[in-house]
Amino acid sequence: MNTRAPAPSPINSTAPAAPGASVSSMPVWRQFYVLTKPRVVQLIVFCALIGMVMAVPGLPSGPELARMAVACIGIWLVAGAAAAFNCLIEKSIDAQMKRTAWRPTARGELSDKQALSFSAVLCAVGSAILYVWINPLTMWLTFATFVGYAVIYTVILKPLTPQNIVIGGASGAMPPVLGWAAMTDQVGPEALIMFLIIFLWTPPHFWALALYRVEDYRKSGLPMLPVTHGNEFTRLQVLLYTFILLAACLLPFIYGMSGWLYLAAALVLNAGFIWHAFKLWRAYSDALARKTFRFSLIHLALLFAALLVDHYFI
């Protein structure tokens, strides 16, 4: 599921426990909980919820609200399963990186069998909820997202190519599509527009993180773009992607799925992202890279919040 990557998704955020904290001091249930990367999953579910809301004209009815709640639970469970599986597969890499060395799998606090069983149970329960109470299309799309992130991205793409985050970003961009399918039992063009926004947002978001964590990635042996192509090239890619992202963020207004309020928010937020990326390109510092990464999270959250507000009040 990604932000994360971290995962190629809106799956890149600070973990619920500080790096270096003693995981063994946590109760076992808490160790399992942190495997799900809660802050990452929250952003995934938020984006899925926006997809649900955008699929329903006007205010949702009581049954529609209940359907949204059930769909969010199912998506949360499968996304958490993907995150836990990622922690299991990358435990040796996580152990070498300051940002992730605290995770229970990296520290050996949870066994491989425990992590795998936990991931399998979450995936099975979440998939069953989506299949029985939502629709088979949403279940299969969500399961495909699990496979795309947990297997194709984590196992195949991430250790092989510096374009891992670009190709694997499709998995992290799926939440609005899942939300739309949950309410309509189909994938409409509006869902694909939201997918495209997150897909193009992911590389500049994640590469900003990779820039100031480059030594961690070099030590781990992962072929991240700053490691394989250098700092300057990566900064240029971040800047170029923010311009492409701006074009994608205008599509909801151009297509007619949003109005002037969203357009104003999109212009301001993308101008901010471009400005951060431009400053980062002109004169690099770890502090600027951190600011760019953090702003990218604000950018995505506020952009989708603007879609929501525009949908209801304009």
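Structure: above.
Below is a summary of the structure that appears in this document.

The rules behind each value
- Residues numbered from 1 in each chain as written.
- Predicted model: local features only at pLDDT ≥ 70, side-chain atom pairs only at ≥ 80, totals over all residues.
- Heavy atoms only, no water.
- Helix = DSSP H or I, 4+ residues; strand = E, 2+ residues; numbered from the N terminus.
- Rg over C-alpha atoms; globule rule 2.2 N^0.38 Å.
- Buried < 20%, exposed > 50% of the residue type's maximum accessible area, 1.4 Å probe, protein only.
- Axes fitted to C-alpha atoms, helices over the stretch in contact; angles between N-to-C directions.
- Parallel < 35°, antiparallel > 145°, perpendicular 65-115°, else oblique.
- Left-handed = near helix turned anticlockwise from the far one by under 90°.
- Nonpolar A, V, L, I, M, F, W, Y, C, P; charged D, E, K, R; others polar.
- Disulfide = S-S within 2.5 Å.
- Expected span 1.5 Å × (residues − 1).
- Contact = heavy atoms within 4.5 Å.
- Bend = angle between axes of the 7 residues up to and from the residue.
- Core = buried A, V, L, I, M, F, W, Y, C linked by side-chain atoms within 4.5 Å.

### Things to note about the overall build of the chain
So, point 1. A tally of helices and strands in the chain yields 16 helices and zero strands.
So, point 2. Scaling as 2.2 N^0.38, a compact globule of 314 residues should have a C-alpha radius of gyration of about 20 Å, and the chain matches this with 19 Å.
So, point 3. Principal axes of the C-alpha set define a box for the chain whose edges measure 50 × 50 × 30 Å.
So, point 4. Taking all 314 residues of the chain together, 57% fall into the buried category.

### Here's the deal with the packing of helix α3 (residues 62-89) against helix α6 (residues 112-134)
So, point 1. Direction vectors running N to C along α3 and α6 enclose 155°, while the axes themselves pass 8 Å from each other. Viewed along their axes, α3 and α6 adopt a mutual orientation that is roughly antiparallel. Remark: the crossing between α3 and α6 carries left-handed chirality.
So, point 2. Split into classes, the residues belonging to the contact of α3 with α6 amount to 20 nonpolar, five polar and two charged.

### With respect to the state of the cysteines
So, point 1. Scanning all chains against the criterion turns up zero disulfides.
So, point 2. With no disulfide of its own, Cys 47 has Cys 72 as its nearest cysteine by sulfur position, at a separation of 11 Å.
So, point 3. Summary of cysteine pairing: Cys 123 is not part of a disulfide, and the nearest cysteine sulfur, belonging to Cys 87, is at 15 Å.
So, point 4. A residue is classified by how much of its surface remains accessible, and Cys 123, at 9% relative accessible area, is buried.

### Details of helix α15 (residues 260-282)
So, point 1. Between the first and last C-alpha of α15 there are 32 Å, a value that for 23 residues agrees with the 33 Å anticipated at 1.5 Å per step.
So, point 2. Looking at the buried positions of α15, the neighbouring elements they touch are α10 (189-212), α13 (231-249), α14 (251-255) and α16 (286-313).

### Overview of helix α7 (residues 136-157)
So, point 1. The principal kink in α7, of about 30°, is found at Gly 148.
So, point 2. Buried residues of α7: Thr 138, Met 139, Leu 141, Thr 142, Thr 145, Phe 146, Gly 148, Tyr 149, Ala 150, Tyr 153, Thr 154 and Leu 157, and no others.
So, point 3. Close packing links the buried residues of α7 with α3, α6, α8 (164-172) and α9 (175-184).

### Things to note about the side chain of His 276
So, point 1. Tracing the chain through its elements places His 276 in helix α15.
So, point 2. Excluding anything up to four places from it in sequence, His 276 contacts Lys 291, Thr 292 and Phe 295.

### Re unusual backbone geometry
So, point 1. Positioned with a positive phi, Lys 37 is a non-glycine residue whose angle comes to about 50°.
So, point 2. With respect to the secondary-structure elements, Lys 37 resides in the loop between α1 (28-35) and α2 (38-55).
So, point 3. For Asp 185, which is not a glycine, the phi torsion comes out positive at approximately 60°.
So, point 4. The exposure class of Asp 185 is partly exposed, given its relative accessible area of 46%.

### Details of the packing of α10 against α15
So, point 1. Between α10 and α15, the least distance of the axes is 12 Å, while the angle of their chain directions is 30°. Put simply, α10 runs roughly parallel to α15. As α10 packs across α15, the resulting crossing turns out to be left-handed. On α15, the residues touching Ile 197, Trp 201, Pro 204, His 205 and Leu 211 of α10 are Tyr 262, Phe 273 and Leu 280.

### Remarks on the nonpolar core
Burial of nonpolar side chains together is a common tendency in soluble globular proteins.
So, point 1. Formed by 96 residues in total, the largest nonpolar core has its most connected members in Ile 197 and Phe 304.
So, point 2. A per-element tally of this core places α10 first, with 14 residues.
So, point 3. Not counting residues up to four positions away in its chain, the partners in contact with Phe 304 are Phe 46, Ile 50, Pro 176, Met 194, Ile 197 and Ile 198.

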